[in-house]
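Coordinate analysis (summary)
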Amino acid sequence: MSDSKPEQVEPPIALLAELSHRCPLRCGYCSNPLELTRASAELEPDDWCRVMREAGELGVLQVHFSGGEPTVRQDLEQLIAHARQHDLYTNLITSGVLLDAPRIDALYRAGLDHVQLSFQGSEAKAADVIGGYFGGHAKKLEVAKLVRERGIMLTLNAVVHRRNLHQVDALLELALELDAHRIEIASVQYNGWARRNLAALLPTQEQLEDLMKTLDAARVRLLGRLVIDFVPPDYYGLRPKPCMNGWGRQFITINPAGLVLPCHSAETIPGMTFDSVLERPLEDIWYRGEAFSRFRGTGWMQEPCRSCEFREQDFGGCRCQALAVSGDVTATDPVCEFSQDRGKIDALIAAAVAEPDAPYLYRGGS
């Protein structure tokens, strides 16, 4: 194997460290794999600490500690401190329900820069039903206050869908009340368990149009007070989003067992070889790993992507979505108006919106 680095491949900007798949919530929109990593198979703290060092040496700027629920790991403070030692900006992506004041103090002392706190809705009853964890919303409000009292930057992460889109205005007001710096209004990504709940979660075209009007008005009204990010639902677009800003271009994910992935859902693609941080240095995996090379750039593309003027803007869209809908991992993202499979997306939309009372299936149950 050559020691040279591929031309035009830059270091990743961010590392998503999935510390654990364990989670007290049972959200029906969860996009984690259907087969979750058991606690016994999770990386040891020394291995994660080595990963933090290797990430810093590779040129990573940010590490996002995620899961599942990352706060189930009692070594989280150690990992945050180690990341800071290697000049990594640290962000904790959490439901917040396992946190209390002493733990937040410990995370702050370890050097935590930012908390991204998930909300399932703007009020307790509906939010707790969506998350399948009663009392969760009240705990999140408490945690947000504790985070801001310590001067830690706060983002509210609101995953939106058919059952809570009507609460977006209230969620924006909640972000202001909690002194958040930013809110991310993120549409469900239909991978993993969320795909089973497509009919229960996919909004209608009318709901989406109302949402866009709400957000456009809010950005004007709240300019300088709150940053509003929006991740639109894939299915209603005519142009695919550039998955991870292009496969193997900017982001790297490590799952709880130590497999290094180009995207959060890449394990759904059969026939892929994913390297482990237990067997190979992170830099070697990034620049020369088979999984990262397979869909990096544009050379792998078939038509119409290969000759499309947008090929270096959307990079063919999402590989997992192409596989799930078209059955071909190399196909044009079926969301694209130029895809021969666009009709399959339209059929999925029609079938979903025709079931306004579709049951909501909790993660791991019904």
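Here's a quick rundown of the structure. Since the model is a prediction, treat every value here as computed from it, not as a measurement. (Residues numbered from 1 in each chain as written. Predicted model: local features only at pLDDT ≥ 70, side-chain atom pairs only at ≥ 80, totals over all residues. Heavy atoms only, no water.)

Some points on the packing of aromatic side chains
Enumeration over the complete set of coordinates arrives at five aromatic pairs. Geometrically, the ring pair formed by tryptophan 247 and phenylalanine 295 is edge-to-face, given 5.1 Å between the ring centres and 85° between the ring planes. A residue pair is termed long-range when its members are at least 10 positions apart, and tryptophan 247 in the loop between strand E7 (227-231) and strand E8 (251-254) and phenylalanine 295 in the loop between helix H11 (290-294) and helix H12 (311-314) qualify at 48 residues. Residue tryptophan 247 is classed as buried on the basis of its relative accessible area of 7%. Owing to a relative accessible area of 3%, phenylalanine 295 belongs among the buried residues under this scheme. An aromatic cluster of three or more residues is present, and its members are Trp247, Phe295 and Trp300. Looking at lysine 140, its charged tip hangs above the ring of phenylalanine 119, at a distance of 5.9 Å from the centre. (Phe/Tyr/Trp six-rings, centres within 6.5 Å; stacked < 30°, edge-to-face > 60°. Helix = DSSP H or I, 4+ residues; strand = E, 2+ residues; numbered from the N terminus. Buried < 20%, exposed > 50% of the residue type's maximum accessible area, 1.4 Å probe, protein only. Lys NZ or Arg CZ within 6 Å of the ring centre and 35° of its normal.)

Topic: the packing of helix H1 (residues 45-58) against helix H2 (residues 76-85)
Two numbers describe how H1 lies on H2: the axes approach to 9 Å, and their chain directions differ by 20°. It follows from the interaxial angle that H1 and H2 lie roughly parallel. Relative to H2, H1 is oriented so that their crossing is right-handed. Between H1, through Pro45, Asp46, Trp48, Cys49 and Met52, and H2, the contact on the second element is made entirely by Gln78, Leu79, His82 and Ala83. (Axes fitted to C-alpha atoms, helices over the stretch in contact; angles between N-to-C directions. Parallel < 35°, antiparallel > 145°, perpendicular 65-115°, else oblique. Left-handed = near helix turned anticlockwise from the far one by under 90°. Contact = heavy atoms within 4.5 Å.)

Considerations on helix H5 (residues 136-149)
Its 14 residues give H5 an end-to-end C-alpha distance of 20 Å, which sits within 8% of 20 Å, the value for a rise of 1.5 Å per residue. Each element contacted by the buried residues of H5 is listed here: helix H3 (101-110), strand E4 (114-119), helix H4 (124-131), strand E5 (153-160) and helix H6 (168-177). The first or second residue beyond H5 is glycine 151, which carries a positive phi of 80°. (Expected span 1.5 Å × (residues − 1).)

Quick notes on the pattern of salt bridges
Considering all chains together, one arrives at 23 salt bridges under this definition. Notably, a salt bridge pairs glutamate 42 with arginine 22, separated by 2.9 Å at the nearest N-O pair. Of this pair, glutamate 42 sits in the loop between strand E1 (14-18) and H1 while arginine 22 is found in the loop between E1 and H1, placing the two residues 20 residues apart along the sequence. Note on glutamate 42: relative accessible area 8%, which makes it buried. When its relative accessible area of 33% is taken as the criterion, arginine 22 is described as partly exposed. With a shortest N-O distance of 2.8 Å, arginine 148 and aspartate 179 are connected by a salt bridge. Of the two residues, arginine 148 sits in helix H5 while aspartate 179 sits in the loop between H6 and strand E6 (182-187), which places them 31 residues apart along the sequence. (Salt bridge = Lys/Arg side-chain N within 4 Å of Asp/Glu carboxyl O.)

A look at unusual backbone geometry
Here the bond from glycine 67 into glycine 68 is cis, since omega is 15°, no more than 30 degrees from zero. With respect to the helices and strands, the residue glycine 68 is situated in the loop between strand E2 (62-66) and H2. Glutamate 303 connects to proline 304 through a cis peptide bond whose omega is 5°. Looking at the secondary structure, you find proline 304 in the loop between H11 and H12. In this structure, aspartate 87 takes a positive phi of about 60° despite not being glycine. Topologically, aspartate 87 is positioned in the loop between H2 and strand E3 (89-94). Residue aspartate 87 is classed as exposed on the basis of its relative accessible area of 67%. At aspartate 179, a residue that is not glycine, the phi angle is positive and equals roughly 60°. For aspartate 179, a relative accessible area of 42% translates into the label partly exposed.

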